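Per-entry structural report
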Amino acid sequence: MSEKKIFTDSGIEIKRLYTAEDALQTPDSKLQTELPGEFPYTRGVQPDMYRGKLWTMRQYAGFSTAEESNKRYHYLLSQGVMGLSVAFDLPTQIGYDSDHALAEGEVGKVGVAIDSIEDMELLFKGIKLEEVSTSMTINATGFILLAFYVALAKKQGADLKKITGTIQNDILKEYAARGTYIYPPKPSMRIITDIFEWCSKELPKWNTISISGYHIREAGSTAVQEIAFTLSNGKAYVQAALAKGLDINVFGKRLSFFFNAHNNLFEEVAKFRAARRMWAKIMKDLGATDEKALMLRFHTQTGGATLTAQQPLNNISRVTIQTLAAVLGGTQSLHTNGYDEALSLPTEEAARIALRTQQIVAFESGAPDTVDPLAGSYFVESLTNEVEQKAWELVNKIDAMGGSVSAIEAGFMQDEIARSAYEYQRNIESGEKIIVGVNKFTVDKETPIPGFKIDDHIRVLQTEKLNTLKAKRSMQNAERCLTEITAAAKDGRNLMPLVIDAVENYCTLGEISDVLRKVFGEHR
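Residues numbered from 1 in each chain as written. Predicted model: local features only at pLDDT ≥ 70, side-chain atom pairs only at ≥ 80, totals over all residues. Heavy atoms only, no water.

This part is about the overall build of the protein chain. Within the protein chain, the secondary structure is distributed over 21 helices and 11 strands. Projecting the C-alpha coordinates of the protein chain onto the three principal axes gives extents of approximately 80 × 60 × 45 Å. Of all 524 residues assigned to the protein chain, the portion counted as buried reaches 56%. Of all intrachain contacts in the protein chain linking residues separated by at least 6 positions in sequence, the fraction that spans at least 24 positions is 78%. As displayed, the protein chain offers around 21,600 Å² of accessible surface, 52% of which is attributable to carbon and sulfur atoms. (Helix = DSSP H or I, 4+ residues; strand = E, 2+ residues; numbered from the N terminus. Buried < 20%, exposed > 50% of the residue type's maximum accessible area, 1.4 Å probe, protein only. Contact = heavy atoms within 4.5 Å. Areas by Shrake-Rupley, 256 points an atom, 1.4 Å probe, with all protein chains shown as cover.)

Written as structure tokens, this is what we have:
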């Protein structure tokens, strides 16, 4: 009787037993003696990794109004969070003020509503921007949110050279997997290179982009597709910056990545190790020579799509496995999901348990005590090689199409993700893939878990704030700023200084987005 074949979610066959011979079959024989902190960084970007400094523990939060989110930030900082991570509501993400007709029913729902510099001041009330690292999950309007943040830092008297954090700013994955885009690909790429250029001079410690595999995975991709598509997108941003005449050794140091951590512990660890190795080679081929420009630094979030509404407390175990995968894989920063997130935004209790999960792994598990603890495992080394090989096959296909922008325009990435999502769902429905509490080990009666509710009155509050802001600002100054942004959008000047000037003169997010809609058009 032949034994049943077992595969990872990426379709890599898992052998019954691995030996030294499997681990040695690597694309580069030198990798066998590679040390952490050395090219191509398979084993990590720091020689001492977490022995020197733990990963940054972030908790993604943002809901309702800036005032409400500010309370949650102060609570998380009091509980040991090392960096803030801001979630914005849908209207903010797609460039509409809260009083816009299309914002109805969405204000403050999946994140915080930010319409103006005044909202940004309330969001960070009592928090010194020079002392905290802030990550902002924002793409199409990333440049406007960065302008709000910079304007607030200047108001606080902060030294811009010391400000640290990240804007996601990854528009390509929006076209491929997520959908919160505004402008067509070419002007969107131009805005991104404007940010690279401006930050390299004015905000040198800021990560100008977080190239995201997270949402590609959430849309249904496999681990292999996640890194292949993400690294291809990264390559497209680098090529766009090079075409603008920027120095790869300068902007290359400020690129960061954002990956998902799912439940297959070993495949996820292999994925992170393979991604570092691949990116180092991609950057070297593109001309980078500075070590820091060759290193793939990444933030991880545990897998939202893996959380179940059934028996939600089981999600604590899932998040723990995913936390371990990220730490064993060498992440620089980590957000852990709340157990109740398949039902609602996380309650304060769920957010605290999620943070405690990271702290238990950090201080009780022993996982951070040595660098790359799974190195040399016959299975992990072999799997790292296989994940890398399969990912290169996809990268080469995308290159043959002319790169990520062409592959997205042709629908290639979207079709590949949809096919994987369909296969995965089919395996769940057939029972081949077991999801505990969903298609096996179910219960007749669930204990209801109280969800987190958002007040529908928020849009009214935000509209009142906008009316007050517009009544007291200088209309002449606001119009001058918007006219200058329009002119710069047409003549190719860097938009960042003009957008900062506009937000300092109380122009709103929606107004700035709208003048650029008139010049660039909208992506359909």
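Don't stop here, the text continues.
The next subject is helix α7 (residues 185-202). Helical periodicity: at 3.6 residues per turn, an α-helix aligns residues three or four positions apart in one direction. The terminal C-alpha atoms of α7 lie 26 Å apart, and with 18 residues this matches the ideal 26 Å at 1.5 Å per residue to within 8%. The buried count for α7 comes to 13 of 18 residues, which makes it a mostly enclosed element. (Expected span 1.5 Å × (residues − 1).)

On to a nonpolar patch on the surface, then. A contiguous nonpolar surface patch, about 280 Å² in accessible area, is contributed by Ile434, Val436 and Phe441. By secondary structure assignment, the location of Phe441 is in the loop between α17 (412-430) and α18 (458-472). Residue classification places Phe441 among the exposed positions, given a relative accessible area of 54%. (Patch = residues over 30% accessible without salt bridge, like charges linked within 9 Å, V, L, I, M, F, W, Y side chains within 5 Å. Salt bridge = Lys/Arg side-chain N within 4 Å of Asp/Glu carboxyl O.)

Counted according to the given criterion, the structure contains 32 salt bridges. Across the pair Lys271 and Glu268 runs a salt bridge whose closest N-O atoms are separated by 2.7 Å. Taken together, the residues Lys271 and Glu268, both in helix α11 (residues 265-285) and three residues apart, mark about one turn of the helix. The same class applies to Lys271 and to Glu268, which are both buried. Connected through salt bridges with shared partners, the residues Arg43, Arg273, Asp372 and Glu381 form a single ionic network.

Moving on to the environment of Ala66. Mapping Ala66 onto the fold places it in helix α2 (residues 66-78). Under the relative-accessibility criterion, Ala66 is labelled buried at 0%. Taking C-alpha positions, Ala66 is 32 Å from Tyr237, a pair spaced 171 residues apart along the chain. Discounting residues that sit within four places of it in the chain, Ala66 has contacts with Val112, Ile114, Asp119, Leu122 and Leu123.

Here the focus is the state of the cysteines. Disulfide: a covalent bond formed between the sulfur atoms of two cysteine residues. Applying the stated rule across the entire model yields zero disulfides. Left unpaired, Cys507 is separated from the closest cysteine sulfur, that of Cys481, by 4.9 Å. When its relative accessible area of 0% is taken as the criterion, Cys507 is described as buried. (Disulfide = S-S within 2.5 Å.)

This paragraph deals with the environment of Asp97. When you line up the elements, Asp97 lands in the loop between α3 (90-93) and α4 (117-123). Its relative accessible area of 6% is what places Asp97 among the buried residues. Sequence separation between Asp97 and Ser404 is 307 residues; the distance between their C-alpha atoms is 31 Å. Excluding anything up to four places from it in sequence, Asp97 contacts Ala103, Asp115, Leu466, Thr508, Leu509, Gly510 and Glu511. Of note is the side chain of Asp97, whose polar atom sits 2.6 Å from the side chain of Thr508. (Polar contact = N/O pair within 3.5 Å; in protein donor to acceptor, adjacent residues only side chain to side chain.)

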